[in-house]
Amino acid sequence: MIKVAVVGVCGRMGMSVASLAGADGDIELVGATEAAGHVSVGRGLGDFVAGAGPGVSVSDSIEEAARDADVIIDFTVPEATLAHAEYSVRNGKSMVIGTTGFEPEQREELLSLLERIPCVFSPNMSVGINVLFEISRQVASHLGEGYDAEIFETHHRAKADSPSGTAIALAEAVAAGLGSELQDVARYERHGRIGARGKGEIGIQTLRGGDVVGDHTVMFLGDGERVELTHRATSRENFSAGAIRAAKWIPGKSPGIYAMRDVLGF
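Here's what I pulled together on the structure shown here. (Residues numbered from 1 in each chain as written. Predicted model: local features only at pLDDT ≥ 70, side-chain atom pairs only at ≥ 80, totals over all residues. Heavy atoms only, no water.)

1. Overview of the pattern of salt bridges
Just so we agree on the cut-off: Note on definitions: salt bridges are taken to be side-chain nitrogens of Lys or Arg within 4 Å of carboxyl oxygens of Asp or Glu. Per the convention used, a helix needs a DSSP run of H or I reaching at least four residues, while a strand needs a run of E reaching at least two, with both numbered from the N terminus. Buried residues are those whose accessible area, probed at 1.4 Å on protein chains only, stays under 20% of the maximum for their type, while exposed residues exceed 50% and partly exposed ones sit between those limits.
Taken as a whole, this structure holds 16 salt bridges when the rule is applied. Lys248 is the salt-bridge partner of Asp24, the closest N and O atoms lying 3.1 Å from each other. With Asp24 in the loop between helix H1 (12–23) and strand E2 (27–33) and Lys248 in helix H8 (residues 237–249), this pair connects stretches of sequence that are 224 residues apart. Arg208 is the salt-bridge partner of Glu153, the closest N and O atoms lying 2.8 Å from each other. Here the residue Glu153 occupies a position in strand E7 (residues 148–155), and Arg208 occupies one in strand E9 (residues 202–208), the gap between them amounting to 55 residues. Exposure remark for Arg208: the relative accessible area of 30% places this residue in the partly exposed category. Overlapping salt bridges bring together Asp148, Glu150, Arg187, Arg190, Arg197 and Glu201 as one network.

Shown next, in the form of structure tokens:
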């Protein structure tokens with residue numbers, strides 16, 4: 001039995017992850033957190049999350065919520081994730097992290113911490129999107145620079161970070177297939193009289209609206225033809241199921257940062 005704590009449990013992803021964890025026979029949900037002052041703090045998790053067993057209360061303390069946990073599952077915000085990683089390093093906990101929106105300095109700090117514990121760190125844990133990462137890299141490699149690469153992503157109106165972590169990961173896969181570094185070729189917006197498209201440029205464009213769970217399209221535009229690869233998420237359970245799979249895979253692994261491709265055996 002793997003003991004799991006879910007942080008940010010009343011968020012969109014936290015609720016979904018906790019519900020699946022509570023229903024999984026191989027997992028014991030032993031703790032949950034929310035931000036100080038949240039209406040859920042101090043109350044039973046079952047009041048907020050379907051399938052949560054009795055005896056688990058929502059806490060605003062990671063020390064309390066994760067005391068008995070083997071794995072912490074984190075889909076929160078960068079500042080909170082950094083604090084949870086510091087706690088995990090001090091206490092030898094494994095982590096599964098799906099948080100996105102890190103500034104470069106935050107990401108560098110986080111990666112330094114995660115090298116010291118077993119952790120699965122992925123911007124998107126669905127099986128389908130992780131297959132798309134690999135396919136996008138391969139297609140970019142085969143088509144080469146004769147095709148212009150553009151990535152479009154659409155999410156619900158409440159999503160805070162832009163572009164999505166998944167879109168950035170797709171752009172990194174395309175850049176890897178082309179033998180370039182994303183930081184050297186990324187183009188995040190176009191406005192005004194900007195001139196011709198730069199050679200090797202990878203465009204990453206963002207749309208926000210409605211209740212879209214997550215749509216991502218990688219487009220390779222050549223002369224006379226184009227190739228489009230699209231993934232559409234219609235439920236957050238795709239991501240949550242991947243997180244649960246990662247939480248069951250990571251215990252006992254050597255310290256280091258793992259991707260979903262490791263969990264899935266790609």
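2. Notes on the sheet that holds E2
To be explicit about the condition: Only strands joined by at least two bridges in the DSSP assignment are considered to pair. The criterion used for residue contact is that any of the two residues' heavy atoms lie within 4.5 Å. Axis angles are defined between N-to-C directions and span 0 to 180 degrees, where every axis is a line fitted to C-alpha atoms and, for a helix, only to the segment in contact.
With parallel pairing, seven strands are arranged side by side in an open sheet as E3-E2-E1-E4-E5-E6-E12. Every other strand in the sheet has two partners, leaving strand E3 (58–59) and strand E12 (256–258) as the edge strands with one partner each. Relative to E2, strand E1 (residues 2–7) is paired through five bridges, and the arrangement is parallel. Looking at E2, one finds that Ile2 is bridged to Ile27. Of the strands in this sheet, E1, E2, strand E4 (71–74), strand E5 (94–97), strand E6 (118–121) and E12 touch H8, which is tilted by about 155 degrees from E4.

3. Describing helix H6 (residues 165–178)
Owing to its 3.6 residues per turn, the α-helix brings residues three or four apart onto one side. Cut-off, in case you're wondering: One fewer than the residue count of a helix, multiplied by 1.5 Å, yields its expected span.
Counted at 1.5 Å a residue, the expected span for H6 with its 14 residues is 20 Å, and the 20 Å between its end C-alpha atoms agrees. Of all 14 residues in H6, 10 are buried; the element is thus mostly enclosed. Where the residues of H6 are buried, they touch helix H5 (127–143), E7, helix H7 (182–185), E9 and strand E10 (214–221).

4. What about a negative patch on the surface?
Test applied: Two distance rules govern patches: like charges are joined within 9 Å, and nonpolar side chains (Val, Leu, Ile, Met, Phe, Trp, Tyr) within 5 Å, applied only to residues with over 30% relative accessible area and no salt bridge. Each accessible area is a Shrake-Rupley estimate made with a 1.4 Å probe; only the visible protein chains count as cover when residues are assessed. Residues scored as positive are Lys and Arg, those scored as negative are Asp and Glu, and His as well as the terminal groups of each chain are ignored. A single reference atom marks each charge: NZ on Lys, CZ on Arg, CG on Asp, CD on Glu.
There is a patch of like negative charges on the surface, built from Glu79, Glu86, Glu103, Glu105, Glu108 and Glu109. Only helix H3 (78–91) and helix H4 (104–114) provide two or more residues apiece to the negative patch. The element that contributes the greatest number of residues to the negative patch is H4, accounting for three residues. Note on placement: Glu109 falls in helix H4.

5. A short note on the environment of Gly55
Residue position: Gly55 is located in the loop between E2 and E3. Taking the C-alpha atoms as reference points, Gly55 and His231, 176 residues apart in sequence, are found 39 Å from one another.

6. What about the pairing of E2?
In plain terms, the rule: A right-handed crossover is one whose linking path, passing over the helix from the first strand to the second, runs clockwise when the strands point away from the viewer.
Most of E2 sits inside the fold, with five of its seven residues counted as buried. Crossover connection from E1 via H1 to parallel E2: handedness right-handed. Across two bridges, E2 lies against E3 in parallel orientation. For Thr33, the partnering residue across the bridge sits in E3 and is Ser59.

7. What to know about the side chain of His84
Among the structural elements, His84 can be located in helix H3. Classification of His84 by relative accessible area gives buried; the value is 10%. Apart from residues no more than four positions distant in its own chain, His84 is found in contact with Val7, Ile62, Asp74, Thr76 and Met95.

8. As for the packing of H1 against H8
Filter applied, for reference: With respect to orientation, any angle under 35 degrees is reported as roughly parallel, any angle over 145 as roughly antiparallel, any angle of 65 to 115 as roughly perpendicular, and every other angle as oblique. Crossings are classed by handedness, with left-handed meaning an anticlockwise turn of the near helix from the far one by less than a right angle and right-handed meaning a clockwise turn. Polarity classes work like this: nonpolar for Ala, Val, Leu, Ile, Met, Phe, Trp, Tyr, Cys and Pro, charged for Asp, Glu, Lys and Arg, and polar for all others, with Gly in that last group.
Interaxial distance between H1 and H8 falls to 9 Å at its minimum, and their mutual angle equals 55 degrees. Relative to H8, the element H1 lies oblique. As for the relative orientation of H1 and H8, their crossing is right-handed in sense. Note on element contacts: H8 touches H1 through Glu237, Phe239, Ser240, Ala241, Ala243 and Ile244, opposite Met13, Ser16, Val17, Leu20 and Ala21. In terms of residue class, the contact of H1 with H8 is built from eight nonpolar, two polar and one charged.

9. Examining the pairing of strand E11 (residues 226–233)
The sheet contact formed by E10 and E11 spans eight bridges and is antiparallel. What sits directly across from Met219, in E11, is Glu228. From the end of E10 to the start of E11, which pair antiparallel, there are four residues, and Gly224 there has a positive phi angle of about 90 degrees.

Without other data, these values stay purely geometric and don't point to any function.
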